[in-house]
Amino acid sequence: MRTSIRLTLWGFISLAAAGNLRAAVSNHCDQNFDSLPTNVREYVVHSITDCVRTTSIVLTRDWRPAETNLFLVRKWEMESEPIFLGLHNALGLRRCQCVEILKGNLSVGRNEVCYLYDVRRMYCPPVVMFPEGNGGPFDLEPGEFAYYNENDRKMKKGKGKLELWKLRPPYDPYSYNRCIPDAVSLMFLTPEHQLLMDRMGSRDYNLGCHMNPFYWTRKATFHKIADAKKMRREELMKTLGVEAAFSNRVFSLNEGCTFHVDYYPPRLEWKPEELVHHKPQPKMLLSSEEVSEVVRLAYAVDGDAAGYDAACARCPQLLKPVTEFRTGIGRMLREALSAGGMLPNGAPPAAKE
C-alpha cells in the first residue's frame, strides 16, 4: 500500500526490466546526432573540443537511496556518504552515481556516489534575449544581437554564434528536471578539488544535518552559510570534513557535454522507474559506436591509445575498438580536433565516403 501511494503521489511508472528501460530512453530521447540541425551538431562538437583536454569522461546515473520510501534513508547509506547527506545541497552540489570512469582518475569505484556542480550559466542572473531584428537602442549589424542583463540592468550587444551560444545554447541537456533516473548518461566532467564558495546557498541556513538521528556517530559541525563564507576555503573544507570528497569525487558539468547512452548495466541496485512529465529538450542519445569514437578521440588528444584499450576492457558492453571514424559525431569531432592542432599522428582515419 505504501509503495502504491508513493507511486501515485510522485507520478512514477514502474518498468519491469532493463529492456523496458531501453525503450523508455529511446522514446524520450528521440534525438540522435545525425538527425539534429547543423547548428546543434556544430555546438556539440565545439563544446567537446573546448573541454576535452581537462575533463574526465564518466558514465553516471541519478543517485537515489535503495530505501523504498524516499523520505527514509538507511543508516549504512548515510554513513557511507563522503559528504553529509543534505550538506551537499547547501554547498551547491547534487549527487550522482558513478557507473564507470571511462577516462580520468580511476580511484572512484563503480556505483559510488559523486557530486556535481551545475554549469555556471545556471547560477548567473537571467538574461533577456530580444527578438531577432529588435536591437532596442542599438543599430545591429549582421550577426549581432541584443540582450538585457538583469545583473547590471543594462542593454548589451553581442556578436557571433560563439557569444550567442554562451547565453542560449542550442543543445541544453540541463534545462529540465532529471526524468529517467536509471538511464545512464555520458558526461564530460571537469574535476574540482576546491570548494566553490560562490555556489553556497544564500539563505540563513545551517551547514550540517543535526536534525537527523543517524548522524550521532559522526562529528557534527554547524555554521550558518553567512558565517561560513567568511572563513578561508581550506579551513571551511576541513571543518566540514569534505577534503576526501574533493580529492576525486567532485566535478563540474560542462555545457553541451552530457548525453544518454545505449548502455544498461546488468544489475540495477533499485527498481527502474520513470518520472513522466513534459521535457523541453531531451538529452541526445548516443550509440555504442558513437561513444566509442568520441572516447577514442579524447584519448587520442593525450596520445594515449593504450589508455583507450584499457577503457574498452573496463567497459566492453559500451566501448569497442575503433579502426576508423564512421559516425557523424566522430568525423566532425576528429575534423575539429585536427583543425585545432589537438590531434597527434596515430589517430585512426575517417572512413571514406
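Residues numbered from 1 in each chain as written. Predicted model: local features only at pLDDT ≥ 70, side-chain atom pairs only at ≥ 80, totals over all residues. Heavy atoms only, no water.

Chemist: If you had to explain the overall build of the chain to someone new, which residues and values would you point to?
Modeler: Along its length, the chain carries 12 helices and 13 strands. Looking at the 353 residues of the chain, the share that counts as buried comes to 49%. Put simply, of all contacts in the chain between residues at least 6 apart along the chain, 76% involve residues at least 24 apart. In the form shown here, the chain has an accessible surface area of approximately 18000 Å², with 52% of it arising from carbon and sulfur atoms. (Helix = DSSP H or I, 4+ residues; strand = E, 2+ residues; numbered from the N terminus. Buried < 20%, exposed > 50% of the residue type's maximum accessible area, 1.4 Å probe, protein only. Contact = heavy atoms within 4.5 Å. Areas by Shrake-Rupley, 256 points an atom, 1.4 Å probe, with all protein chains shown as cover.)

Chemist: Just give me the short version of the sheet that holds strand S5 (residues 127-129), but keep the residues and values in it.
Modeler: Taken together, 3 strands build an open sheet; the order of strands is S5-S6-S7 and the sheet is antiparallel. At either margin of the open sheet sits one strand with a lone partner, and together these are S5 and strand S7 (154-159). Strand-to-strand twist in this sheet, taken as the mean axis angle between neighbours without regard to direction, amounts to 35°. In terms of strand pairing, strand S6 (residues 144-149) meets S7 through 6 bridges, oriented antiparallel. Counted as the bridge partner of Asn149 is Lys154 from S7. (Pairing = 2+ DSSP bridges. Axes fitted to C-alpha atoms, helices over the stretch in contact; angles between N-to-C directions.)

Chemist: A description of the nonpolar core should follow, citing residues and the corresponding values.
Modeler: Core analysis: the biggest nonpolar cluster contains 46 residues, and Ile48, Leu59, Leu102, Leu186, Phe188, Phe259 and Leu319 have the highest contact counts within it. Within the residue set of this core, elements represented by two or more residues are helix H3 (38-51), strand S2 (56-62), strand S3 (93-103), strand S8 (185-191), strand S11 (250-261), helix H10 (288-301), helix H11 (305-314) and helix H12 (328-339). Among the elements that take part in this core, H10 stands out by supplying 8 residues, more than any other. Excluding residues within four positions of it along the chain, Leu186 makes contact with Ile57, Val58, Leu59, Leu102, Cys257, Thr258, Phe259, Val261, Leu286 and Val291. With 23 residues, the next largest nonpolar core counts Ala90, Leu93, Tyr117 and Leu240 among its residues. (Core = buried A, V, L, I, M, F, W, Y, C linked by side-chain atoms within 4.5 Å.)

Chemist: Break down the side chain of Ser292 for me, with residues and values.
Modeler: Among the secondary structure elements, Ser292 is positioned in helix H10. At a separation of 3.3 Å, a polar atom in the side chain of Ser292 contacts the main-chain carbonyl oxygen of Leu318. (Polar contact = N/O pair within 3.5 Å; in protein donor to acceptor, adjacent residues only side chain to side chain.)

Chemist: Give a detailed account of the state of the cysteines, specifying residues and quantitative values.
Modeler: Applying the stated criterion across every chain yields a total of 0 disulfides. Left unpaired, Cys98 is separated from the closest cysteine sulfur, that of Cys114, by 4.7 Å. By relative accessible area, which is 1% here, Cys98 ends up buried. Cys315 takes part in no disulfide bond, and the closest cysteine sulfur, belonging to Cys312, lies 8.8 Å away. The class for Cys315 is buried, based on a relative accessible area of 1%. (Disulfide = S-S within 2.5 Å.)

Chemist: I'd like to hear about the environment of Ala311, residue by residue, with values.
Modeler: Following the sequence through the fold, Ala311 ends up in helix H11. Overall, Ala311 belongs to the buried group, its relative accessible area being 1%. Residues Ala311 and Val295 lie 16 residues apart in sequence; the distance between their C-alpha atoms is 9.0 Å. With sequence-adjacent residues up to four places away left out, Ala311 is seen in contact with Leu102, Tyr299 and Leu319.

Chemist: Give me the pairing of S6: which residues, what numbers.
Modeler: Of all 6 residues in S6, 5 are buried; the element is thus mostly enclosed. Note that S5 and S6 share 3 bridges and pair antiparallel. In the strand pairing of S6, Met129 is matched with Tyr147. Turn length for the S6-S7 hairpin, with the two strands adjacent in sequence and antiparallel, is 4 residues, and the turn residue Arg153 shows positive phi of about 55°.

Chemist: Tell me about the packing of aromatic side chains, residues and numbers included.
Modeler: One pass over the full model with this rule turns up 4 aromatic pairs. For the ring pair Tyr43 and Trp165, a centre distance of 5.2 Å and an interplane angle of 75° mean the geometry is edge-to-face. A residue pair is termed long-range when its members are at least 10 positions apart, and Tyr43 in helix H3 and Trp165 in helix H6 (residues 161-167) qualify at 122 residues. As far as the burial class goes, Tyr43 and Trp165 line up, both buried. Taken together, a centroid distance of 6.0 Å and an interplanar angle of 10° make the contact between Tyr171 and Phe259 stacked. Residue Tyr171 is found in the loop between H6 and S8, and its partner Phe259 is found in strand S11; the two are separated by 88 residues along the sequence. The pair formed by Tyr171 and Phe259 is uniform in burial state, with each residue classed as buried. Of note, Lys103 hangs over the ring of Tyr299, and the distance from its end group to the ring centre comes to 5.6 Å. (Phe/Tyr/Trp six-rings, centres within 6.5 Å; stacked < 30°, edge-to-face > 60°. Lys NZ or Arg CZ within 6 Å of the ring centre and 35° of its normal.)

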